[in-house]
Amino acid sequence: MMPGKTLGPYEITGRIGAGGMGEVYRAVDPRIGRPVAIKILPPSISTDHDRLQRFEQEARSAGLLNHNNLLTIYELGSSEGSPYIVSELLEGQSLRERLEEGTIPPRKALGYAGQIARGLTAAHEKAIVHRDIKPENIFLTRDGRVKILDFGLAKLVEPAAAQADADAQTAQRLTAPGTVLGTVGYMSPEQIRGGAVDHRSDLFSLGVVLYEMLTGDHPFQRETSAETMTAILREEPPEIAVSGSHLSPALDRIIRHCLEKNVEERFQSARDLLFDLESLSGSSASQPVAVPVAAGPPRGLRIAALVIAAGVLVTAAFLAGRATGNRVEEGRVDPATFQQITFLGGSVTSPSLSPDGSTVAFSSRRDGKEDIYIQRIEGRNAINLTKDVPGDHAQPAYSPDGSLIAFTSTRDGGGIFVMGATGESIRRLTSTGAEPSWSGDGRTIFFSSERLYSPYVRQDFSSLYSVDVATGKTTLLLTRDGVQPRLSPNGTRLAFWGLPEGSGDREIFTMPVAGSPDGADLVRITTDTHVDWNPFWSADGQWLYFASDRHGSMNLWRIAVDETTGRASGEPERVTLPAAWAGYFSPSADGSTLVFTNLTQSTTIEERSITDPLRPPRVVFDGALLATSVDLSPDGRWLAFTAASPQEDVYLIGVDGGALTQLTNDADKDRGVAWSPDGTQIAFYSSREGRYDIWTINADGSNLKRLTRSTGDTVAFPTWSPDGKRMFVDHQGAEMFDLTTEPATGTRLAISNLPPETVFRPGGWSPDGRFLTGDLWRGSSPVPGVTLVDLDRKILERLTDYGGSPHFLGGGEEILIVQDGKTMVLDRVSRKSRPLFDVAPSTFWDGGNPAAQFGASGSATVSADGTTIYMIRNELRSDIWLASVPGTAVPGMSVP
């Protein structure tokens, strides 16, 4: 196909290459100006009904995958009898081309293998197995990313001549797919035998690729394909030598663990392999490291103590304070163990380990309310301490002697309470506050004014306080933002995290324990765009440990500090735990154990019919991202949404579930999407340039620009006027920006009858431009009910005292609302409502979050004609895990 020709809607701009899978062309989608790659498959596929059906099924499965390390599939089509696939256009070279230049240094090879494992983790969690991992199917982009190509195709496209000469296949570098679904030389033993193949086969192939990256040689390659397959079945790979020096025993063990003949002795998941690779990357990949062999969990047990290769050694070394730089002294560290200790299901969070390490207290939302539970580490029966106490109760914290538990409660108006370690003698300490933590002598509790539900979502500004446990006297310590205060071992400084003035970043601070109300004595420990939170001190006061999403996943980090001045004396260091998301850390008093919350997440975006509520929902998107807002394009063809994991970015997906595109890709936090009325731009609020303001980006990912330049509080949740000339935002209340001026100018919406101590946060504009819906908020909590503002008269009207997340339907006479998992349509004039359908509750970080009870703003979007709604459903599950170093007191993890 020559440049200028069209294939469906796509315009061909050049030829990239050809192979057994067909020809690949460079093209452009003129509808949005996006460059793409088009692979045209051989016409023989279209004449074989079974193969064509399997091809379409697998291409759709691959199209559902969304991950930075997987090739993004945009569309499946057919032209003149030849099926084709449209995908993102990559610039760079294949791993095979890179290997032809020479071997790859160990640290870089380790990084490439980690990215491949990360992509396989995402695919395997969707029950999609590649079956043909090899250097030809690994692409290295110019910006350093690794992309896995051709998911699902290896098991569909058979060789043109199944009986081709084996020696000829070898001469072609063993790349022709065999009839047993794989490429000779990279097939697992079970593939060669023609047996059942699952995700662990991909891990074998990755082991071969990693061996080849390091050595330049194939571990099993022989003169013929038959001999090569025999070697895979019967022989062990040769010893590895890298540039004349010995490879790290840890990395050697990882490779050999991938290449186990028996599938049960191999890594059991790509996530386990990824953990070991990432842990090893924190040490030297080419230096000797003493590492215990990884052991799989005993059969019949849901989980057991895990001893996980290289990562465990590095973790144990950090916990025991025995690491020096990036090198670990050989033979000095006991293997750490990791054990899941709660099995309640749903959201289990905020663990607190008793000082003797025997019991854990935590909070969980069960039986309709949130309660405090305790459970012995070796037990399985959790005891509800607040079952019969009215209200929600969370964030337990053991006193230093283990006799008391401080906690947050909504009982009798809320505040900080204390009770005996088995739930007796509950008494109130304060009438407000959350996040309690004890001083070393047990006489004082430090707390913040705002309860933390998620490090990503802050509902309000938070001050820091202390309270005398005996007298109840409260002292204001900080008027600037602060959450989760923790006292240093010598009792002189508080560590906490908060939002710097004029910024949405999450940063770690220290300050004198006597207080620094005006912030003059604050010391900022971290200064970057990463989410840094949950700080606690080492027993010797030389380290601050904290949770951070740096390096792509939420995990444990530490930084050296001077306890006297509270200033950092080094850079953050990673302390890896075996979790994709780890937080809410609590160590035992002697430092030998640490409990933490291990969280998993997924998002579904569903299409529901408003006119036919009995119609089953249709899934538009289902993936491991955590969606936070969604908006439908004016033409009804595209959904823009933001996701909070692995980083906060803007995405675009067709309502048919195809053409998923990531529009932003950086460490800045992008939230709250809203389409312009003409469908050309997407507005969102972002932490770019140091503070939250409104930004816009074109639908094709171009022309990113800042729209507002305000001062003071965060500017969030843009809402366009129907004519596109104005925009309401939430700037601690509704503020209207005139978009016809440059720069846009903002004016606070003055509502004459706004209730005292409340703010109105805008949500949606009526089609005629007369009314604005939104929510009333009092402090950090939404006020239940549907609120309407008449923009001409500047007055507010409460249409209901129940429900939330209002959306105008059709001409604006009706409003869609959500109440207790039920979707209803409210008549704006008569105020009568009718039910539509029930929706399963969407969990977001913590079931106790008041915002989750009413549906978070932006979690649904309605078509212009009022017939269809698209809704986000997030599912989170968390459990408490225990990390321990047997026989070792861990001073680096001890609390005062």
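Structure first, text after, so check above.
Colleague: Sorry, what's going on with the pairing of strand β5 (residues 73-79) here?
Modeller: Looking along a regular strand, one sees side chains alternate from face to face of the sheet. As defined by bridge partners, β5 adjoins strand β6 (residues 82-88) across 6 bridges and the pair is classed as antiparallel. Following the sheet pairing, Gly77 is matched in β6 by Tyr84. Hairpin connection between β5 and β6: a loop of 2 residues separates the two successive antiparallel strands, and Glu80 in this loop has a positive phi of roughly 50°.

Colleague: Hey, could you run me through the side chain of Arg688 in this one?
Modeller: Residue position: Arg688 is located in the loop between β46 (681-686) and β47 (693-698). Using a relative accessible area of 8% as the deciding quantity, one classes Arg688 as buried. At 3.1 Å, the side chain of Arg688 forms a polar contact with the side chain of Asp666. Reaching out from Arg688, the side chain makes a polar contact with the side chain of Asp670 at a distance of 2.8 Å. Beyond its immediate stretch of four places on either side in the chain, Arg688 contacts Thr664, Asp666, Asp668, Asp670, Trp695 and Leu704.

Colleague: Would you mind showing me how to read the sheet that holds strand β43 (residues 649-654) here?
Modeller: Adjacent strands of a sheet pair through backbone hydrogen bonds, lying either parallel or antiparallel. The strand order β41-β42-β43-β44 describes an open sheet built from 4 strands, whose pairing is antiparallel. The outermost strands of the open sheet, each flanked by one partner alone, are β41 (627-632) and β44 (661-662). Examined bridge by bridge, strand β42 (residues 638-643) and β43 share 6 bridges and lie antiparallel to one another. By the bridge assignment for β43, Thr642 is matched with Val650.

Colleague: Would you take a moment to explain the pairing of strand β45 (residues 670-675) for this structure?
Modeller: Counting buried positions over the 6 residues of β45 gives 6, a clear majority of the element. Relative to β46, β45 runs antiparallel, the two sharing 4 bridges. Residue pairing for β46: Trp675 is matched across the bridge by Ile682. Remark: 5 residues form the turn of the hairpin made by β45 and β46, two consecutive strands paired antiparallel; Gly679 in that turn has positive phi of roughly 75°.

Colleague: Which parts of the structure should I look at to understand the nonpolar core?
Modeller: The nonpolar side chains of soluble globular proteins are, as a tendency, buried together. In this structure, Leu95, Leu120, Leu210, Met213, Ile255, Leu273 and Leu277 are the most contacted members of the largest nonpolar core, which totals 49 residues. If you look at the next biggest cluster of nonpolar residues, it comprises 39 residues, including Ile525, Trp543, Trp557 and Phe585.

Colleague: Help me out: how do you make sense of the pattern of salt bridges in this one?
Modeller: Summed over the entire model, instances satisfying the criterion amount to 39 salt bridges. Between Glu91 and Arg26 there is a salt bridge, with the nearest N and O atoms lying 2.9 Å from each other. With Glu91 in the loop between β6 and β7 (92-94) and Arg26 in strand β3 (residues 22-29), the pair connects residues that are 65 residues apart, well separated along the chain. The exposure class of Arg26 is partly exposed, given its relative accessible area of 32%. In this structure, the salt-bridge partner of Glu648 is Arg671, at a minimum N-O distance of 2.6 Å. Of this pair, Glu648 sits in the loop between β42 and β43 while Arg671 sits in strand β45, and the two are 23 residues apart along the sequence. For Glu648, a relative accessible area of 5% corresponds to the buried category. The network of salt bridges with common partners includes Glu689, Arg691, Asp693, Arg706 and Arg709.

Colleague: Would you mind showing me how to read the sheet that holds strand β23 (residues 415-420) here?
Modeller: Reading across the sheet, the 4 strands line up as β21-β22-β23-β24 and stay open at both edges, with antiparallel pairing between neighbours. Bordering the open sheet on either side are β21 (393-398) and β24 (427-428), each of which pairs with just one other strand. Here β21 runs beside strand β22 (residues 404-409); their pairing, made up of 4 bridges, is antiparallel. When the sheet's bridge partners are listed, His393 is paired in β22 with Ser409.

Colleague: So what exactly am I meant to see when it comes to helix α8 (residues 225-234) here?
Modeller: One full turn of an α-helix is made of 3.6 residues, so residues set three or four places apart face in the same direction. Restricting attention to buried positions, one finds in α8 the residues Ser225, Thr228, Ala231 and Ile232. Angular distribution of buried residues about the axis of α8 spans 120°; they occupy a single face of the element.

Colleague: It is not clear to me how unusual backbone geometry should be interpreted in this structure. Could you clarify?
Modeller: If a residue is not glycine, its phi is most likely negative; likewise, a peptide bond is most likely trans. For Asn703, which is not glycine, the phi dihedral falls at a positive 60°. Looking at the element boundaries, Asn703 is found in the loop between β47 and β48 (705-706). Even without glycine at this site, Glu757 takes up a positive phi of about 60°. Mapped onto the elements of the fold, Glu757 is located in the loop between β52 (745-748) and β53 (759-765). Among the residues examined, Glu757 registers a relative accessible area of 72% and is labelled exposed.

Colleague: Which parts of the structure should I look at to understand helix α9 (residues 249-258)?
Modeller: Burial analysis of α9 places 7 of its 10 residues in the buried class, the great majority of the element. Along α9, the residues that are buried comprise Ala250, Leu251, Asp252, Ile254, Ile255, His257 and Cys258.

Colleague: Any chance you could explain the packing of aromatic side chains here in plain terms?
Modeller: The description of two aromatic rings rests on the distance between their centres and on the angle between their planes. Enumeration according to the criterion identifies 16 aromatic pairs in this entry. Ring centres 5.6 Å apart and planes at 15° place the aromatic pair Phe496 and Phe509 in the stacked group. With a gap of 13 residues between them, Phe496 in strand β30 (residues 493-498) and Phe509 in strand β31 (residues 507-512) connect regions that are remote in the sequence. Pairwise contacts between aromatic rings join Phe536, Tyr545, Phe585 and Phe596 into one cluster. When the ring centre of Tyr10 is taken as reference, the NZ or CZ atom of Arg31 above it lies at 5.6 Å. The ring centre of Trp543 lies 3.4 Å from the NZ or CZ of Arg558, which sits over that ring.

Colleague: How should I be thinking about the environment of Ser710 in this particular structure?
Modeller: Structurally, Ser710 is set in the loop between β48 and β49 (716-720). Once the C-alpha coordinates of Ser710 and Ala744 are considered, the two residues, 34 residues apart in sequence, prove to be 9.8 Å apart.

Colleague: Explain the packing of helix α4 (residues 106-124) against helix α7 (residues 199-215) here, please?
Modeller: Contact geometry of α4 with α7 gives a least axis separation of 10 Å together with a crossing angle of 165°. Between α4 and α7, the interaxial angle falls into the category roughly antiparallel. Handedness of the α4/α7 crossing: right-handed. Only His199, Asp202, Leu203, Leu206, Leu210, Met213 and Leu214 of α7 make contact with α4, whose side of the interface consists of Pro106, Ala109, Tyr112, Ala113, Ile116, Ala117, Leu120 and His124. Tallied by class, the residues present in the contact of α4 with α7 amount to 12 nonpolar, 2 polar and 1 charged.

Colleague: Just to check I follow, could you spell out the packing of α7 against α9 for this structure?
Modeller: For any two helices packed against each other, the geometry is given by the interaxial angle and the distance between the axes. Remark: α7 packs on α9, axes separated minimally by 7 Å, with the N-to-C direction vectors making an angle of 140°. In terms of axis orientation, α7 runs oblique to α9. At the point where α7 passes α9, the crossing takes the left-handed sense. Every residue of α9 that contacts α7 at Leu203, Phe204, Gly207, Leu210, Tyr211 and Leu214 is listed here: Leu251, Ile255 and Cys258. In the contact of α7 with α9, the residues fall into 8 nonpolar, 1 polar and no charged.

Rules used in this analysis
- Residues numbered from 1 in each chain as written.
- Predicted model: local features only at pLDDT ≥ 70, side-chain atom pairs only at ≥ 80, totals over all residues.
- Heavy atoms only, no water.
- Pairing = 2+ DSSP bridges.
- Helix = DSSP H or I, 4+ residues; strand = E, 2+ residues; numbered from the N terminus.
- Buried < 20%, exposed > 50% of the residue type's maximum accessible area, 1.4 Å probe, protein only.
- Polar contact = N/O pair within 3.5 Å; in protein donor to acceptor, adjacent residues only side chain to side chain.
- Contact = heavy atoms within 4.5 Å.
- Core = buried A, V, L, I, M, F, W, Y, C linked by side-chain atoms within 4.5 Å.
- Salt bridge = Lys/Arg side-chain N within 4 Å of Asp/Glu carboxyl O.
- Arc of directions from axis to C-beta.
- Phe/Tyr/Trp six-rings, centres within 6.5 Å; stacked < 30°, edge-to-face > 60°.
- Lys NZ or Arg CZ within 6 Å of the ring centre and 35° of its normal.
- Axes fitted to C-alpha atoms, helices over the stretch in contact; angles between N-to-C directions.
- Parallel < 35°, antiparallel > 145°, perpendicular 65-115°, else oblique.
- Left-handed = near helix turned anticlockwise from the far one by under 90°.
- Nonpolar A, V, L, I, M, F, W, Y, C, P; charged D, E, K, R; others polar.

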